[in-house]
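This is what each chain is made of:
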Amino acid sequence: MKRWSLFALTTVFAGTLAGGCSTLDAQQREWIFQPSDRSWGNTASMTADMDDVWIDFKSSLTGEPARLHGLWLGGKPESVDTPVLLYLHGARFNVAGSAPRIQRMHALGFSVLAVDYRGFGKSSKGLPSEDSAREDALAAWTWLAARHPQQRRYIFGHSLGGAIGIDLASRVDDESGTIVEGTFTSISDVVSSFKWGWLPFSPFLTQRFDALARVKDIGAPLLVVHGALDDLIRPELGRKLYEAATVPKMFVLVNGGSHHSTNTVGAAQYRAALNQLFRMKPPEDPPLQDEPVQLSAQRL
């Protein structure tokens, strides 16, 4: 997520007084998701080897047909031993903006389905919300499960996508594990971590993304990865999320990793954690660089 500014927070309170709750809700959804049909830099060119996927469903929120656009990066042919990953991206850029991270997760041994929430990219238009993103994630998971019923299926979320992923994992019972990177306990905790977080904003939040409450309900192993240099979502929030989980779990702190580079800098740490927690075999001839491995694990 892009850091909120003091100006934005001031506008929230002004909007509350001037426009009421509906205006406040829309403003928060806009600032949290920052929906866009743009990718980051030249990342769109990196999707050339990925297949377009379309997921159609009827929204229980709107009662209207909805369509999600996704990207698929999988081995051909696949076997039942190939793990499958649902990739949930963060704010601001469309799914193509996550192409480098999608490719790295594929290099770690996963076939990957990455999707855009409604309001992003080529998915159905509209201003996304916490509820609509939850529904989109579940629709994508249902699609994935129907097409890969014999394979181990995992949930991955980066930043905001991590909170959405935790919520999804708390609602389904057929995932083999969940991985979150650079994610948080709740929007309230994120805003509180800023220098002006002492302001009384919490009563005005409509989009709470309370991953801390949801993580206690997941039933499969959890891997929490965080960059030590992440100055947007502080590592202590990731650690707190990890500590609240009651399933077999692991916390990986990547030295030198920022909010956006952790997946690259921590490649070897990822590989070691996947093997230790999920018993995943490393792919042959991995193209990823080696880094010192520092893991913190707890098995319950």
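Cut-offs used in this document
- Residues numbered from 1 in each chain as written.
- Predicted model: local features only at pLDDT ≥ 70, side-chain atom pairs only at ≥ 80, totals over all residues.
- Heavy atoms only, no water.
- Helix = DSSP H or I, 4+ residues; strand = E, 2+ residues; numbered from the N terminus.
- Buried < 20%, exposed > 50% of the residue type's maximum accessible area, 1.4 Å probe, protein only.
- Contact = heavy atoms within 4.5 Å.
- Areas by Shrake-Rupley, 256 points an atom, 1.4 Å probe, with all protein chains shown as cover.
- Phe/Tyr/Trp six-rings, centres within 6.5 Å; stacked < 30°, edge-to-face > 60°.
- Lys NZ or Arg CZ within 6 Å of the ring centre and 35° of its normal.
- Pairing = 2+ DSSP bridges.
- Core = buried A, V, L, I, M, F, W, Y, C linked by side-chain atoms within 4.5 Å.
- Polar contact = N/O pair within 3.5 Å; in protein donor to acceptor, adjacent residues only side chain to side chain.
- Right-handed = clockwise from strand over helix to strand, strands pointing away.

*Asks:* Looking at this structure, I do not really get the overall build of the chain. What am I missing?
*Replies:* Counting its secondary structure elements, the chain contains nine helices and nine strands. Looking at the chain residue by residue over its 300 residues, the buried ones come to 57%. Sequence separation of at least 24 residues holds for 74% of the intrachain contacts in the chain that already meet a minimum separation of 6. Here the chain has roughly 12,900 Å² of accessible surface; of this, 53% comes from carbon and sulfur atoms.

*Asks:* Whenever I open this one, the packing of aromatic side chains confuses me. Can you help?
*Replies:* Each aromatic ring pair is described using two quantities: the centre-to-centre distance and the angle formed by the ring planes. Under the counting rule described, the total for this entry stands at eight aromatic pairs. Taking 6.5 Å as the distance between ring centres and 75 degrees as the angle between the ring planes, the aromatic pair formed by F33 and Y117 counts as edge-to-face. Remark: Y117 occurs in the loop between β4 (111–115) and α3 (130–147) and F33 occurs in helix α1 (residues 6–33); sequence separation between them is 84 residues. F33 sits in the buried class, given a relative accessible area of 0%. Note on Y117: relative accessible area 0%, which makes it buried. Arranged with centres 5.7 Å apart and planes meeting at 45 degrees, the rings of Y242 and F251 form a pair that is tilted. Judged on exposure class, the residue Y242 and its partner F251 are both buried. Taken together through their ring pairs, the aromatic side chains of F33, Y117, F120 and F209 make up a single cluster. K249 extends its terminal NZ or CZ atom over the ring of Y242, reaching a point 4.8 Å from the ring centre.

*Asks:* Looking at this structure, how should I read the pairing of strand β1 (residues 51–58)?
*Replies:* As a general feature of sheets, a regular strand has side chains that alternate between the two faces. Bridge analysis of β1 against strand β2 (residues 65–73) gives eight bridges, and the strand direction is antiparallel. When the bridges of β2 are listed, V53 appears paired with G70. The hairpin formed by β1 and β2 contains six residues between the paired strands, and G63 there has a positive phi angle of roughly 75 degrees.

*Asks:* Sorry if this is basic, but what is going on with the nonpolar core here?
*Replies:* Core analysis: the largest hydrophobic core is formed by 53 residues, its most contacted members being L86, L113, F184, F209 and L222. Looking at this core element by element, the count peaks at seven residues for α3. The contact partners of L113, leaving out residues within four places of it in the chain, are V53, I55, L71, W72, L85, L86, Y87, A140, W143 and L144. In terms of nonpolar packing, the next biggest core, distinct from the first, is built from 27 residues, V112, A273, F278 and M280 among them.

*Asks:* It is not clear to me how unusual backbone geometry should be interpreted in this structure. Could you clarify?
*Replies:* Look at F209: it is not a glycine, yet its phi comes out positive at around 45 degrees. Looking at the element boundaries, F209 is found in the loop between α5 (187–192) and α6 (211–214). Positive phi outside glycine occurs at R279, with the angle close to 60 degrees. Looking at the element boundaries, R279 is found in the loop between α9 (267–278) and β9 (295–298). Given a relative accessible area of 56%, R279 falls into the exposed group.

*Asks:* Looking at this structure, how should I read the side chain of D230?
*Replies:* Looking at where D230 falls in the secondary structure, it is placed in the loop between β7 (222–227) and α7 (235–244). Taking relative accessible area as the criterion, D230 reaches 4% and is therefore assigned buried. For D230, the side chain forms a polar contact with the side chain of H259, separated by 2.8 Å. Setting aside chain neighbours within four positions, we find D230 in contact with G182, P235, G257, S258 and H259.

*Asks:* Help me understand the side chain of T185 in this model?
*Replies:* Mapping T185 onto the fold places it in the loop between β6 (177–181) and α5. Judged by its relative accessible area of 0%, T185 is buried. With residues up to four places along the chain from it excluded, the contact list for T185 reads F209, D210, A211, L212, L237, K240 and L241.

*Asks:* In this structure, what is going on with helix α2 (residues 99–107)? I would like to understand it.
*Replies:* Three or four residues apart is the spacing at which side chains of an α-helix point the same way, because the helix has 3.6 residues per turn. Most of α2 is tucked away: seven of the nine residues are buried. Residues A99, P100, R101, I102, R104, M105 and A107 constitute the buried set of α2. Once α2 ends, the next one or two residues include G109, with phi positive near 120 degrees.

*Asks:* Please explain the pairing of β6 as it appears in this structure.
*Replies:* Of all five residues that make up β6, five are buried, and the element is covered over most of its length. Burial along β6 is two-sided: the face carrying G177, I179 and E181 and the face carrying T178 and V180 are both buried. Pairing of strand β5 (residues 153–158) with β6, which is carried by five bridges, proceeds in the parallel orientation. By the bridge assignment for β6, F156 is matched with I179. As for the winding sense of the linkage, the β-α-β connection from β5 through helix α4 (residues 160–171) to β6 is right-handed.

*Asks:* What exactly am I supposed to notice about the environment of N263 here?
*Replies:* Tracing the sequence through the fold places N263 in helix α8 (residues 262–265). Here N263 falls in the buried class, since its relative accessible area comes to 3%. Between the alpha carbons of N263 and V225 there is a distance of 8.6 Å; along the sequence they are 38 residues apart. Excluding residues that lie within four positions of it along the chain, N263 makes contacts with R101, R104, M105, E181 and Y270. A distance of 2.7 Å separates polar atoms of two side chains, one belonging to N263 and the other to R104.

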